[in-house]
Every structure is written in C-alpha cells, then in structure tokens.
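Coordinates in review
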Amino acid sequence: MAAPFDRNDDSVVVIIGTGAGGGVLANELAQKGVSVVALEAGGRYLPEDYINDEWESFGQLAWLDPRTTSGDWRVAKDFSGLPAWIVKAVGGTTTHWAGASIRFQPHEWKALSTYGAVEGANLLDWPIDADEMAPWYDLAEKKLGVTLTNNLPGLPGNNNYKVFEAGAKKLGYTEVHTGRMAINAVDNDDRMACQQTGFCFQGCKWGAKWSAAYTDIPRGEATGNLEVRERAHVARILHDDSGRVTGVEYFDADGALQMQRAKVVCVAGNSFESPRLLLNSASSMFPDGLANSSGQVGRNYMRHTTGSVYATFEKPVRMWRGTTMAGIVQDEARHDPSRGFVGGYELETLSLGLPFMAAFLDPGAWGREFTTALDSYENMAGMWIVGEDMPQESNRVTLSDTEDQFGLKVVNVNFSDHANDIAMRNHAYKQGAAIYDAMGATRTMPTPPYPSTHNLGTNRMSERPEDGVVDRNGRAHDVPNLFVSDGSQFTTGAAENPTLTIVALAIRQADHIAGELSRGNL
Amino acid sequence: MQETLSLRTLTRRQLLSRGVAAGAGFVVGATFVAGRDAAWATEMNALKPDTMATLIQMARDIYPHDKVGDQYYAAAVKGYDVPDEVDFAEDGIEMLNAKAGEMGFGQYLDAGWEAERVGILRAIEDTPFFQRIRGGLVTGLYNQKAVWPIFGYEGESYSQGGYIMRGFDDISWI
C-alpha cells in the first residue's frame with residue numbers, strides 16, 4: 001500500500017523525528033520498500049524559506065517549546081530556558097548544522113577499555129567497533145557528499161580559516177585542513193556548490209550543505225513508501241499486554257489527539273525529546289518509563305566539551321564571510337593522558353554575526369571590557385572547541401513539573417562539568433589562544449559554551465541490558481519492536497561532531513530493521 | 001528612529017529653545033527628548049522625557065560604543081515608552097536616581113563621568129530592572145540593521161550571490 005497511510009494500518013514503521021537519524025532512517029527504509037509514517041513536530045522549510053538573519057531565523061527554526069535546566073553549567077544561568085540550540089522542522093537539526101563530517105577514531109568506540117575507569121564517569125565501551133562501522137561510514141560519506149572523501153575536492157579556505165591555518169602551522173600543528181564537510185565544493189548529487197555566503201546555521205539557501213529536509217525526505221517520499229506528517233507532536237508510545245509497542249498517540253497540526261498504529265516504532269527526537277517520550281510513556285507495566293528497566297533512560301547526557309576562542313587583530317578578518325565552519329585542527333583529537341585529561345578535542349573555525357556575537361561572547365557581561373571587543377568585530381577571528389566529555393549518571397534529562405502547550409511534561413536538563421571536561425576545555429582555550437597569538441592577536445577571549453548543539457547519550461547503547469537502554473542495533477533491550485535512532489543512543493561522545501555517525505548508524509539500522517521485517521522477526 | 005511630524009517641522013533652534021539641558025547629551029522638552037545638536041529627537045508617548053533621557057544614557061553606559069550615536073540607543077529603549085511599561089520604567093529610573101543620590105549625585109544624569117555612572121549601575125546591576133534593561137539591549141541595540149555597518153558587519157549576502165566572487169578569502173595581511 002502506498003502513502004498516505006491509514007492511521008489504523010498496523011503494518012507501518014512509525015519514526016518519530018526527521019533529522020539526521022529519523023530522516024535518514026525514513027528514506028533508507030522507504031528505498032527498501034518498507035512502509036513508513038514519519039511524525040515531525042515542526043513544519044517544513046526549504047531553502048527558499050530560510051532567512052539569513054540570525055534572530056529571525058532562530059524564531060523560524062529553533063525548538064522554542066519550554067525546557068528547564070539545573071546543574072552548575074553556565075548555560076543554566078545564562079540561558080535557563082534554552083539548554084539546546086536545535087531545530088524543530090522537517091529535517092531537524094540537519095537544517096542548522098555546520099556540516100562537519102568526521103568519523104570516530106577507532107579507540108573512541110572503546111572508551112572504557114582505552115581510558116580505564118575514570119572516577120565519577122559512567123564510561124562504557126560501545127558494543128560495536130570501527131571495523132564494523134567502516135562500511136556504514138562509507139555509505140554515509142557518499143550520501144552526504146563529504147569533501148575530501150570519494151575523490152571529492154575540499155572547500156576553499158575563507159579569511160577566518162586563513163588566520164586559523166597560519167597560526168596552527170606556526171604552532172607546529174600538521175593536521176590542518178578545510179575539513180571533511182557535507183558542503184559541496186563542486187556541484188554533486190543534484191546539489192550546487194557552496195557560494196561562500198555564510199549563515200550555514202540558518203539553513204543553506206543554495207542547498208549546497210546536505211540536509212535531510214531537501215535530500216532524504218523528498219527522495220523517500222518519491223518512493224511512495226514514506227509519509228511525513230508535519231506538526232505532529234507525539235505524546236506517548238502505546239504498548240500491549242505482551243510488552244510490544246502498538247502505536248503512538250500524537251497531537252496533529254490542529255491540536256487534535258490522534259493515534260497511529262505501528263508494527264515498529266523508532267524514536268529519533270534528539271537526546272532531550274527521545275528520553276522525554278520514553279519517560280512520558282510510563283505505564284503500569286513500565287512504571288519508570290518505557291524501555292527503562294536499567295534506569296538509564298535520560299542518564300549520561302553528553303554535550304561535548306565545548307567553548308570558543310575569539311581573537312582580535314590589528315587588521316580586518318571579516319570572519320562571517322564564507323562557510324561558518326571553514327576548517328579544522330585535528331592534532332589534539334588523540335588520546336594522550338599526559339595533557340592532563342583522557343580523550344581529545346578538535347578545533348574548528350566558527351563565526352557568529354554581530355547580533356549573536358553580542359548574545360554569546362560573554363552572556364550577561366556589560367561595560368567597556370565587553371563592548372571594546374565588539375568594537376573590533378570586523379577584525380575578529382573565531383574557533384570552536386569540540387571534545388569528548390565524560391558520561392555521568394547525574395547529568396540527566398528528567399521530567400519537569402513544567403508542561404508544554406499540549407499539557408505534556410517537558411524535560412529538565414541537569415548538567416555539571418566533570419573534572420576531565422574542565423581540564424580539557426582549559427587546555428583547548430590555551431591552545432586556541434596560542435594559535436591566534438602566533439598571528440599577532442591583540443586580544444584573545446575564551447568564550448563559554450553556547451546552548452548545546454551536540455546532544456548525546458540519554459538512551460545509550462550497551463552490550464548488557466543493565467548498562468544501557470538499547471542494544472547494538474539501537475533496539476530497546478526491554479521492548480522488541482522499539483528502536484532509538486538518534487544521537488541519544490551514543491554510548492560515549494568521542495571528539496567528533498556527531499552527525500556523520502548518527503547517519504551511519506541510521507543507515508545500518510535501516511538494514512537491520514528491513515532484514516528483521518523480511519525474516520518475520522518484528 | 002521615531003520622529004513625529006510636529007518635531008520634524010521645527011528648526012533646530014526652535015526645537016532646542018523648547019527644552020532644557022539634561023545630562024551631557026540631551027535636551028528635554030515637555031513632550032520630547034532630543035540630542036544636544038538636535039540631530040535626532042523622539043516624542044514621548046507614555047514616559048516622562050527625563051525618564052527617557054536617563055534610559056538612553058543608561059543604555060549607552062551599559063553598552064558604550066563611541067562610534068554609535070545616541071539615536072540608536074534611543075531606538076533600543078523606545079519600546080519602554082508604552083503604557084504597559086510606564087510603571088516598570090518610571091519606578092526603575094526613580095530607583096536609579098535614588099541610588100545616585102545616595103552616592104553623592106543629585107540624580108543619575110548629574111554624574112558627569114562615565115566611570116561615576118558605571119559605579120552607580122554596578123550598585124544596582126543585580127536588580128530585575130537593570131537585568132531586564134541590559135537583556136533587552138542585547139537585541140534592541142545589536143539587532144538594529146542600521147548599526148551593523150558601524151561595526152563593519154555586512155549582514156546577509158545571499159541577495160548578492162554570497163562572497164565567492166566578493167572577497168571571502170581576500171585577507172591580505174597574513
């Protein structure tokens with residue numbers, strides 16, 4: 001039967017969320033002939049709709065439903081209702097992402113074995129490894145058209161990159177390049193080449209950056225096997241007396257409660273909404289929430305050890321021109337405990353427009369110490385730190401007393417840095433400043449983390465059911481036809497931007513689900 | 001900048017003759033606040049003109065940019081000049097002036113040096129009034145497209161085809 005599907009059709013796979021995980025999974029299943037209903041809380045926006053104005057775009061795309069925060073992270077003070085900067089739209093945060101597409105390093109799949117036990121951290125090895133993931137990474141890189149893979153050329157470096165590259169090389173760094181990016185340097189796969197417009201975070205108006213919104217989603221729909229329901233906010237997942245999920249309840253675009261039956265349910269709402277949904281789906285059979293016999297649903301929230309370094313120079317840089325994330329230094333991504341921490345970090349150029357720079361450079365600050373930095377905005381260069389942070393059981397997503405517009409409990413996000421996170425960030429601040437000092441910076445500014453864009457780990461993958469929520473295929477340990485398909489299944493975060501790994505896992509999961517369906521195992 | 005027709009029709013001399021000096025930079029009339037050079041003026045809808053002049057100075061003292069004219073600070077706080085915000089703004093400025101008095105100044109605008117005014121602001125920076133004014137300025141000031149060129153920021157480039165042919169890699173000093 002072809003899309004659209006009847007709400008009583010219990011043969012469909014229901015996917016909740018259409019971002020890097022859900023959007024890719026939906027298309028991959030549809031290509032294999034599986035009937036899919038994808039429920040997306042946001043609306044549909046395409047390149048012609050994107051707005052190259054930071055605040056206006058934020059109002060258009062960001063998830064702005066209420067959330068609450070706690071813990072000692074500075075975001076809880078500066079942006080107490082906005083723990084994450086992620087997107088509510090068809091295509092999810094693939095609209096907003098910068099495009100960095102790098103593989104985990106082999107040892108990062110085995111953090112516990114490689115680093116050893118770290119006090120206060122809930123480290124665990126992934127049940128899968130680099131060899132097993134390699135072919136899925138190959139497919140993911142091909143799908144995203146990642147530069148510097150598959151004989152695709154790299155992007156040209158912009159002004160911000162040139163400062164960064166020259167400083168890094170003066171410091172002796174050798175793994176310095178314009179990055180493996182899901183942004184076309186040449187026309188490829190029906191998407192045009194990057195026009196160095198900036199505003200990558202606001203949605204690429206040229207479609208040069210890969211986003212599920214205008215690749216996987218329409219390609220899946222074209223098969224006739226995928227129906228995407230926009231502005232469909234899932235309230236809870238339903239199950240029968242045997243403990244199998246049977247469908248989902250959701251509020252449709254008109255606010256009416258609907259029910260969609262399902263053979264399989266895949267949760268891909270990101271690391272806040274996915275555990276929220278499992279917790280809000282508690283029942284007499286699953287009193288602590290669906291798939292939560294381990295007690296790990298919502299725990300081990302990771303956001304990468306981040307921060308930025310901005311610097312001013314005597315002469316103009318104009319960092320906003322061109323790709324937002326225009327290059328990378330990978331020398332510090334290695335695991336080298338002699339630096340005073342386990343794991344590693346990447347340094348990647350980043351720029352913000354003047355309005356967001358004013359909001360994020362030093363939130364809450366005022367007076368000339370702050371404004372003289374902005375006076376030199378034109379002469380500013382910037383980079384972002386992204387490093388592996390430690391999973392901690394107490395860093396967790398729980399249900400808050402606050403309710404959303406549908407009367408559903410929203411999440412509280414509790415986060416405090418681990419000592420390893422702090423040591424890594426301080427090391428990265430020092431190295432980032434040294435890169436700019438080598439280029440004659442007149443001032444360097446270690447900038448605190450923004451609301452999180454990399455949200456990971458709250459439904460983690462584990463070999464043993466007591467250690468995590470899902471198995472090596474993302475299938476819930478407790479519920480045979482329930483899957484988690486987004487970054488919340490990450491066992492550990494690694495040092496790399498997560499999207500490529502989320503996509504690779506989604507392609508792999510689609511293969512697993514389609515196989516299990518054809519074998520009659522679901 | 002909002003100006004009314006009644007103010008527009010006045011010559012600079014006529015405008016200035018209808019007000020009295022307030023602080024270093026402003027002329028305050030019965031219904032308006034203007035720059036001392038009469039290059040800009042804003043007519044009051046709900047707030048006392050003295051309150052608006054103090055808010056404008058406070059905005060500059062919170063986020064001082066010497067190349068940014070007072071008219072942009074005035075635009076950034078003009079949103080408080082509505083009936084719903086009168087109590088918030090008038091009570092807040094009264095509190096600010098009382099603090100200035102405690103610290104030896106007649107009122108906030110009587111403190112002649114920025115450092116003196118900043119000292120008064122530091123004494124109230126934890127109040128909800130200060131925090132709301134400061135938070136509002138982050139967008140009220142820096143999200144005015146008219147101030148972007150003062151900082152060299154070019155805004156969107158899509159309408160011009162991006163920077164691929166217009167200097168994305170034109171840095172010359174490396």
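Just so it is clear, the model here is predicted, and its values are computed rather than measured. (Residues numbered from 1 in each chain as written. Chains lettered and ligands numbered in written order. Predicted model: local features only at pLDDT ≥ 70, side-chain atom pairs only at ≥ 80, totals over all residues.)

When helices and strands are counted, chain A shows 12 helices and 17 strands. For chain A, the C-alpha radius of gyration of 22 Å lies close to 24 Å, the compact-globule estimate for 522 residues. Dimensions of chain A along its principal axes, counting C-alpha atoms only, are 70 × 50 × 45 Å. Every one of the 522 residues in chain A was classed for burial, and the buried ones make up 59%. (Helix = DSSP H or I, 4+ residues; strand = E, 2+ residues; numbered from the N terminus. Rg over C-alpha atoms; globule rule 2.2 N^0.38 Å. Buried ≥ 20, exposed ≤ 12 C-beta atoms within 10 Å, placed from the backbone.)

Turning to the overall build of chain B, a few remarks are in order. Broken down by element type, chain B carries eight helices and four strands. Listing each helix as α and each strand as β along chain B from the N terminus yields α-α-β-β-β-β-α-α-α-α-α-α. By its C-alpha atoms, chain B is 55 × 40 × 30 Å across when sized along the principal axes. Of all 174 residues assigned to chain B, the portion counted as buried reaches 39%.

Residue and element names in this part refer to chain B. Across the interface, helix 3 (residues 49–62) lies against helix 4 (residues 70–77) with an axial gap of 9 Å and an inter-helix angle of 110°. Taken as axis vectors, helix 3 and helix 4 run roughly perpendicular relative to one another. Along the contact surface, helix 3 presents Leu55, Ile56, Ala59 and Arg60, while helix 4 presents Asp70, Tyr73, Ala74, Ala76 and Val77. (Axes fitted to C-alpha atoms, helices over the stretch in contact; angles between N-to-C directions. Parallel < 35°, antiparallel > 145°, perpendicular 65-115°, else oblique. Contact = placed C-beta atoms within 7 Å.)

Bringing the interface of chain A and chain B into the picture now. The interface of chain A with chain B comprises 35 residues on the first partner and 28 residues on the second. Sorting the residues of the side of chain A that touches chain B by element identifies helix 6 (159–170), helix 9 (354–360) and helix 10 (368–375) of chain A as the ones contributing at least two each.

Taking the numbering used here, the UniProt-annotated feature "domain: Glucose-methanol-choline oxidoreductase N-terminal" (unreviewed entry) corresponds to residues 88–305 of chain A. Across residues 88–305 of chain A one finds 23% helix and 14% strand; the C-alpha atoms that close the span lie 24 Å apart. (UniProt positions renumbered as here; feature names shortened; annotations may be inferred.)

Below, the discussion takes up the environment of Phe370(A). All names here are of chain A. Here Phe370 is to be found in helix 10. Judged by the 18 C-beta atoms lying within 10 Å of it, Phe370 falls in the partly exposed class. Residues Phe370 and Ala358, 12 residues apart in the sequence, show an inter-C-alpha distance of 8.9 Å. Setting aside residues up to four positions removed in sequence, Phe370 forms contacts with Asp362 and Ala365.

Residues annotated in UniProt with the feature "domain: Glucose-methanol-choline oxidoreductase C-terminal" (unreviewed entry) correspond here to residues 391–506 of chain A. Secondary structure across residues 391–506 of chain A comprises 23% helix and 19% strand; the distance between its end C-alpha atoms is 22 Å.

Attention now moves to the sheet that holds strand 6 (residues 233–239) of chain A. Residues and elements named next belong to chain A. On the basis of which strands lie adjacent, the open sheet formed by three strands has the order 6-7-8 and antiparallel pairing. Of all strands in the sheet, those bounded by a partner on one side alone are strand 6 and strand 8 (257–261). For this sheet, the mean inter-axis angle between neighbouring strands, taken without regard to orientation, is 25°. Note: strand 7 (residues 245–251) against strand 8, five bridges, orientation antiparallel. Along strand 8, the bridge assignment pairs Tyr250 with Gln258. (Pairing = 2+ DSSP bridges.)

Right, let's get into the environment of Val469(A). Residues and elements named next belong to chain A. For Val469, the location among the structural elements is in the loop between strand 16 (443–447) and strand 17 (482–484). Counting along the chain gives 10 residues from Val469 to Val479, while the straight-line C-alpha distance between them is 9.9 Å. Sequence-distant contacts of Val469, defined by excluding residues within four places in its chain, comprise Ala291, Ser294, Gln296, Val297, Asn459, Arg460, Ala476, His477 and Val484.

Here the focus is helix 5 (residues 130–144) of chain A. Residues and elements named next belong to chain A. With 15 residues, helix 5 extends 19 Å between its outermost C-alpha atoms, agreeing within 8% with the 21 Å of an ideal straight helix rising 1.5 Å per residue. The largest bend along helix 5 reaches roughly 30° and is located at Trp136. For helix 5, the complete set of buried residues consists of Met133, Tyr137, Ala140, Glu141, Lys143 and Leu144. Against helix 12 (499–518) lie the buried residues of helix 5. A positive phi of about 65° marks Gly145, the residue just after helix 5. (Expected span 1.5 Å × (residues − 1). Bend = angle between axes of the 7 residues up to and from the residue.)

Turning next to unusual backbone geometry. Residues and elements named next belong to chain A. A cis amide bond links Ala3 to the next residue, Pro4, at an omega of 0°. Tracing the backbone through its elements, the reader meets Pro4 in the segment before strand 1 (13–16). With a phi close to 50°, Asn150 is a non-glycine residue in the positive phi region. With respect to the helices, strands and loops of the structure, Asn150 is situated in the loop between helix 5 and helix 6. Note on Asn150: 11 C-beta atoms within 10 Å, which makes it exposed. Here Arg318, not a glycine, exhibits a phi torsion of approximately 60°, which is positive. Along the chain, the position of Arg318 falls in the loop between strand 10 (305–312) and strand 11 (328–329). Arg318 gets classed as buried once you count the C-beta atoms within 10 Å, which come to 24.

This part is about the sheet that holds strand 1 (residues 19–22) of chain B. Residue and element names in this part refer to chain B. The strand order 1-2-3-4 describes an open sheet built from four strands, whose pairing is antiparallel. Looking along the sheet, the strands with just one partner apiece sit at the ends: strand 1 and strand 4 (41–43). Mean inter-strand twist for the sheet, computed between neighbouring axes without regard to direction, equals 25°. Sheet topology places strand 3 (residues 32–35) next to strand 4; three bridges connect them, and they run antiparallel. Residue pairing across strands places Val33 opposite Thr42, the latter belonging to strand 4. In this fold helix 3 packs onto strand 1, strand 2 (26–29) and strand 3, with an angle of close to 160° to the strand it touches most, strand 2.

Residue and element names in this part refer to chain A. The alternating pattern of strand 1 places Val13 and Ile15 and Val14 and Ile16 on opposite faces, both of which are buried. Bridge count between strand 1 and strand 9 (residues 264–267): four bridges; the pairing is parallel. Bridging across to strand 9, Val13 finds its partner in Val264. Here strand 1 pairs with strand 2 (residues 36–39) via four bridges, running parallel. Within strand 2, the residue paired with Ile15 across the bridge is Ala38. With helix 1 (residues 22–31) bridging strand 1 and the parallel strand 2, this β-α-β connection has right-handed handedness. (Right-handed = clockwise from strand over helix to strand, strands pointing away.)

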